[in-house]
Amino acid sequence: MGRYDHSRYVSLTMEFRCNLRCVHCMIEGTMDRLTPVSDQQFEGVLAINRHERRWSGLILTGSEITLRRDLPELARKARAAGFEHVRIQTHGMHLSRANYAQELVEAGVDEFFVSVAGSDAATHDEITCIPNSFAKMMRGLEILSDIPGTAVITNTVVTERSYRLLPAVVDALKPIRALTQMEFWHYFPMTEHDDKALLADYREIVPYLAEACRRADEHDIAVEIKNVPECLLGRDAHRLENGQPQLVIDTDFWVEFDRNGFYQCPYRQSCRSRQCLGLTSAYVERFGDHRDALRPISPDEQIPARAS
């Protein structure tokens, strides 16, 4: 299981520009028309926490939050409003500038949620479509590891192009001393169709997920798995965590998101899983509904205990 309580965080989408061109980007078709959280909305969230202490952590996110020049100031304001933790969600490249990374930490950023697309420069840069993005990201993680009090969480999107790399991703990241948790998100297109042929068959990715989890356990790195049917995960079912922090984002995002058509499982009515999102429309169109591979979780089924 993961080490962070998502219910104690609120996430604000503060930016819709990005200087990567990741092939699996969820919002590439809407980035130019979604509106970032306004200064008024930001201040409103701070006011709530200042008076109610509703959340312990604030996540500053977007297409690439480090493109905001006022990011340190946003972090300082969040800390002043009583947030115990400030996290940024980033591709990590700009953290390769040691002075900038140090500035963010001094401003109050103590958690860094960093996207890792591949296991080395060749695979990562091919997916991000930007040369040297892997080298800069890894340098940023090394710099953070030398700054006391920082925590790194990584996110790897699991696609047809990346699922075989998952064990090697763990190997590449295990020297990062600040690394506390890795998240593996099965890709879903923000549409009814898998136009890019990026979806990976659940039945094929599970062995690679299992091996990645085993290697992470050897180094005391927590793992969360997202968007994979619980019944296929076996002994790793306790790692499935589809809960998310409260997200403040342009409402037009949800119009696109709903096109995914989650929960399309032939056993939905009889399954008692509290985490599983089933299958998406695009997945069923491409691979079928897997009625021979999936099964309903029974009400009294014992899921392996979540590790502390």
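Residues numbered from 1 in each chain as written. Predicted model: local features only at pLDDT ≥ 70, side-chain atom pairs only at ≥ 80, totals over all residues. Heavy atoms only, no water.

### Here's the deal with helix α2 (residues 71-80)
Taken residue by residue, α2 has Leu71, Pro72, Leu74, Ala75 and Ala78 as its buried positions. Taken down its axis, α2 places every buried residue within 160 degrees of arc, on the same side. In this structure, the buried residues of α2 make contact with β1 (9-15), α1 (39-52), β2 (57-62), β3 (85-90), α3 (98-107) and β4 (109-115). Of the residues one or two after α2, Gly82 is the one with positive phi, at around 100 degrees. (Buried < 20%, exposed > 50% of the residue type's maximum accessible area, 1.4 Å probe, protein only. Helix = DSSP H or I, 4+ residues; strand = E, 2+ residues; numbered from the N terminus. Arc of directions from axis to C-beta. Contact = heavy atoms within 4.5 Å.)

### Focus on helix α7 (residues 202-218)
Across its 17 residues, α7 extends 24 Å between first and last C-alpha, which sits within 8% of the 24 Å expected from 1.5 Å per residue. Considered for burial, the residues of α7 that qualify are Tyr202, Ile205, Val206, Leu209, Ala212, Cys213 and Ala216. Down the axis, α7 shows its buried residues gathered within 135 degrees of arc, on one side only. Trailing α7 by a residue or two, Asp220 shows a phi angle of about 55 degrees, which is positive. (Expected span 1.5 Å × (residues − 1).)

### Concerning the sheet that holds β1
The 8 strands lie next to each other as β7-β6-β5-β4-β3-β2-β1-β8, forming an open sheet whose pairing is parallel. Each edge of the open sheet carries a strand with a single partner, namely β7 (222-226) and β8 (246-248). On average, each strand axis in the sheet is tilted by 20 degrees relative to the strand beside it, whichever way the strands run. Pairing geometry for β1 and β8, over 3 bridges, is parallel. Within β8, the position partnered with Leu12 by the bridge is Val248. Together, β1, β2 and β8 form the strand contacts of α1, whose direction differs from that of β1 by roughly 165 degrees. Sheet contacts for helix α5 (residues 133-145): β4 and β5 (151-158); angle to β4, the most-contacted strand, approximately 155 degrees. (Pairing = 2+ DSSP bridges. Axes fitted to C-alpha atoms, helices over the stretch in contact; angles between N-to-C directions.)

All quantities given are derived from atomic positions and should not be read as evidence of function.
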